[in-house]
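Summary of structural features
Residues per chain are reported as follows:
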Amino acid sequence: LIETGFEYDRAWMVVDAHGEFVSQRELPRMALVRPTLRAHDLVLRAPGMLALHLKLDTVEAACRVRVWDDSVDAFDMGDLAAQWFSDFLGQPLRPARFDPDARTAFSDGFPLLVTSGASLAELNRRLAATGETPVTMQRFRPNLVLDGVADAHGEDHFDTLAIESPDGDVLLQLVKPCGRCTIPDV
């Protein structure tokens, strides 16, 4: 856990030809890109594509990108990575990496998004009751999923989470429920 959230979480994003971020809200096919973080690289896989390996310690040219209303320093990830995303998503795109020397990451509101297995189970119960297909947690954007929460949406009422670490407990103060995420609808 670092100042901006979990290390490497939301450290990359995809931008258009103008340096504006794009998300799976606009390009739902992005949800098919499957990242795997390894010791020295990030491996991206997508249907019909060869795996793309992005080294964790390598970037290309410095650049400026826009996330919502903020213009931030970043690094372009190179022509090969740009071609991979452009081919898969069908328009000119480039991946950019967050500048680790900056004080903010590419998060769109909060550095950590928290949910629980109980909340997903309740959603799937409601979907089943209307004849809809259940969904997996991959339909959402949490980076912390809690097991053992007894009630659906119980995480909305937690004030603080304590996570044990070798360096002592890490205390996370939860701020508010997020009611605006449209990703499950895409």
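Look a little higher up for the structure.
Computed from a predicted model, the values in this text were never measured in an experiment.

Next up on the list: the packing of aromatic side chains. The final tally for this structure, using the stated rule, is four aromatic pairs. Plain terms: the ring middles of Tyr8 and Trp12 are 6.2 Å apart, the flat faces sit at 20 degrees to each other, and that makes the pair stacked. An aromatic cluster of three or more residues is present, and its members are Trp84, Phe85 and Phe88. One residue, Arg29, lies across the ring of Phe88, its end atom 3.9 Å from the ring centre.

The full count for this structure, using the stated rule, is eight salt bridges. Across the pair Arg38 and Asp41 runs a salt bridge whose closest N-O atoms are separated by 2.8 Å. Its relative accessible area of 42% is what places Arg38 among the partly exposed residues. Given a relative accessible area of 10%, Asp41 falls into the buried group. Note that Asp76 is salt-bridged to Arg94, the shortest N-O span being 2.6 Å. You can see Asp76 sitting in strand 7 (residues 70-76) and its partner Arg94 sitting in strand 8 (residues 94-98), a full 18 residues away along the chain. On the accessibility criterion, Asp76 (14% relative accessible area) is buried. Beyond isolated ion pairs, a larger network of salt bridges with shared partners links Asp76, Asp79 and Arg94.

Let us look at the sheet that holds strand 4 (residues 41-45). Pairing is antiparallel across the open sheet formed by three strands, whose spatial order is 3-4-5. Strands with a single pairing partner mark the edges of an open sheet, and in this sheet they are strand 3 (34-37) and strand 5 (52-55). On average, each strand axis in the sheet is tilted by 20 degrees relative to the strand beside it, whichever way the strands run. Relative to strand 5, strand 4 runs antiparallel, the two sharing four bridges. Bridging across to strand 5, Leu42 finds its partner in Leu54. Contacting strand 4 and strand 5, helix 1 (residues 79-89) crosses the sheet at an angle of about 140 degrees to strand 5.

Listing the buried residues of helix 1 in full gives Ala81, Ala82, Trp84, Phe85, Ser86, Phe88 and Leu89. For helix 1, the elements touching its buried residues are strand 1 (12-15), strand 4, strand 5 and strand 8. One or two residues past the end of helix 1 sits Gly90, with phi positive at roughly 75 degrees.

Procedures and definitions
Residues numbered from 1 in each chain as written. Predicted model: local features only at pLDDT ≥ 70, side-chain atom pairs only at ≥ 80, totals over all residues. Heavy atoms only, no water. Phe/Tyr/Trp six-rings, centres within 6.5 Å; stacked < 30°, edge-to-face > 60°. Lys NZ or Arg CZ within 6 Å of the ring centre and 35° of its normal. Salt bridge = Lys/Arg side-chain N within 4 Å of Asp/Glu carboxyl O. Buried < 20%, exposed > 50% of the residue type's maximum accessible area, 1.4 Å probe, protein only. Helix = DSSP H or I, 4+ residues; strand = E, 2+ residues; numbered from the N terminus. Pairing = 2+ DSSP bridges. Axes fitted to C-alpha atoms, helices over the stretch in contact; angles between N-to-C directions. Contact = heavy atoms within 4.5 Å.

Everything listed here is a matter of geometry and, on its own, says nothing about what the molecule does.
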